[in-house]
Amino acid sequence: MINLPEEFLERMRGELVGEYEAFIKSYDRPAEKGVRVNALKIAPEEFLKLAPVATDGAVEWERCGFYANGEGIGKTVFHAAGLYYVQEPSAMSAVPKLEVKAGERVLDLCAAPGGKTTQIAAYMGGNGILVANEIDFRRYTVLKSNVERMGARNVAVTCQSPENLARYYKNYFDKILVDAPCSGEGMFKKEESAVREWSLKNVLSCAARQAKILESAHEMLAGGGRMVYSTCTFSPEEDERQIENFLKLHPEYKLTETKKLLPHRVRGEGHFYAVFDKPEGGRAEDFHQIFTEKQRKNELNLQDFGVNPTGFKNVVKLGESLYSLVDNFPAELKAGVKLGEYKNGRFEPAHALAMCLRPEEVTGVKVDDKTALGYLRGLTFDCAAPNGWRVVTIKGYPLGWCKVVNGTAKNHLPKGLRI
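Nothing here was measured: the structure is a model prediction, and the numbers come from that model. (Residues numbered from 1 in each chain as written. Predicted model: local features only at pLDDT ≥ 70, side-chain atom pairs only at ≥ 80, totals over all residues. Heavy atoms only, no water.)

Visitor: What is the right way to read the side chain of Asn38 from this model?
Guide: The residue Asn38 is located in the loop between β1 (34-37) and α3 (44-50) in this model. Note on Asn38: relative accessible area 0%, which makes it buried. Those residues in contact with Asn38, other than ones at most four positions away along the chain, are Gly82, Leu83, Tyr84 and Met150. (Helix = DSSP H or I, 4+ residues; strand = E, 2+ residues; numbered from the N terminus. Buried < 20%, exposed > 50% of the residue type's maximum accessible area, 1.4 Å probe, protein only. Contact = heavy atoms within 4.5 Å.)

And the structure:
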């Protein structure tokens, strides 16, 4: 068993009267693994036919979630194609409680690495606006990469403090997820660092930070909106008491549900969530986008690149880059899809454009598994397609761009994504 901190064990012994032995025995089992099928690209039943990973039953609280077995489940070509996200099963429990709807304004306030963000995006189906925020820049870059890989078209990825966001989005969002940074007690089996760094001092520090984040979320939630607060820890200071303290400050909220998932009770690791509904009240108006005629002037024909995407709106040029932006949201936040950029007068398509395409929207360069793995390693390959930019696909699903030159497909997968 993992060498758990003694003070943590004493606390859990007091919290789990009658269940403590079962809880401790759960640490003799390996951590549960899970995958969540990306409904933006493929239906679960079609994913299971491809069988890129060994699945072992459905996750009851997420319609696209499955338990997974084996090693390397995050290193397949279909993972690179964004057909699924490797996600601990319990971590899939909070997002369904948001009950997001297409067309809403949604905020994932503490979003990295992107599991819950892309889960929300799938429920939204590309309609509405989803802001995914991460205060730490290193984690922000990981978040942005995962959003691109999963092909979400309606996301703005931001790197701000919750307090700063709250200055600009008073009563703005219909739904907010606060997956708060926590002491990580539910991650002890997966992350050795969580065990090493645990202390009661850290628990209390996390609780203080979470309270401030919740206040910012309260300011940004529109009247009649819903907020889900979640952690991957067991400590009452970060879970139940956090909720009690928030309701003391804001008794107008209705607490509709709380749930603590413990590894001896469910097939998964630790998680907690609470669901709040805010009473009817103010909701901020839409932002007004104003684009110049020069920004809107676009003579680019994406069909020249073998793609024919549908649903792109507000195709505008910002600087030397071309974007398809979401309606009624500040243009500078670039919520939507980067289509590419002009370099020395020539247009180079962006990786994000390739990854948001569905099979019916692209006529690409079809490759087999071996060639696909070589492409993901940065290799070139022989190709009979006409010269020019082409999307590399595996069973119809995009992996990225290549540029065909006289029978050779030159690799244009971003270097940071190569394996």
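So that's the structure; there's more coming.
Visitor: Is there a simple way to explain the environment of Leu379 in this structure?
Guide: In this structure, Leu379 sits in the loop between α13 (369-376) and β17 (381-382). Sequence separation between Leu379 and Asn411 is 32 residues; the distance between their C-alpha atoms is 6.2 Å. Those residues in contact with Leu379 that lie beyond four places of it in its chain are Gly374 and Asn411.

Visitor: How should the nonpolar core be read in this particular structure?
Guide: Looking at soluble globular proteins, one finds that nonpolar side chains tend to be buried together. Counting 30 residues, the largest nonpolar core has Leu109, Ile176, Val178, Met220 and Met227 as the members making the most contacts within it. For this core, the elements supplying multiple residues, two or more each, are β6 (129-133), α7 (162-168), β8 (173-179), α9 (200-220), β9 (221-231), α10 (240-249) and β11 (271-277). Counting residues per element, this core draws most heavily on α9, at four residues. If near-sequence neighbours (up to four positions away) are discounted, Leu109 is found in contact with Asn133, Pro162, Leu165, Leu177, Val178, Ile213, Ala217 and Met220. (Core = buried A, V, L, I, M, F, W, Y, C linked by side-chain atoms within 4.5 Å.)

Visitor: Explanation requested: α10 in the structure shown.
Guide: Quick reminder: α-helices carry 3.6 residues per turn. Residues three or four places apart thus point the same way. For α10, the set of buried residues is Gln242, Ile243 and Phe246. The buried residues of α10 all sit within an arc of 95 degrees when viewed along its axis, so they share a single face. Close packing links the buried residues of α10 with α9, β9, β10 (254-261) and β11. (Arc of directions from axis to C-beta.)

Visitor: Could you clarify how one ought to interpret the pairing of strand β14 (residues 336-343) in this entry?
Guide: Across a regular strand the side chains alternate sides, sitting on one face of the sheet and then on the other. By the bridge criterion, five bridges tie strand β13 (residues 321-325) to β14 in an arrangement that is antiparallel. Looking at β14, one finds that Ser321 is bridged to Glu341. Note: β14 against strand β15 (residues 346-349), four bridges, orientation antiparallel. Considered in β15, the bridge of Lys343 is made with Arg346. Connecting β14 to the next strand, β15, in antiparallel fashion are two residues, including Asn344 with a positive phi near 55 degrees. (Pairing = 2+ DSSP bridges.)

Take it as geometry only, folks, not as evidence of what the structure does.
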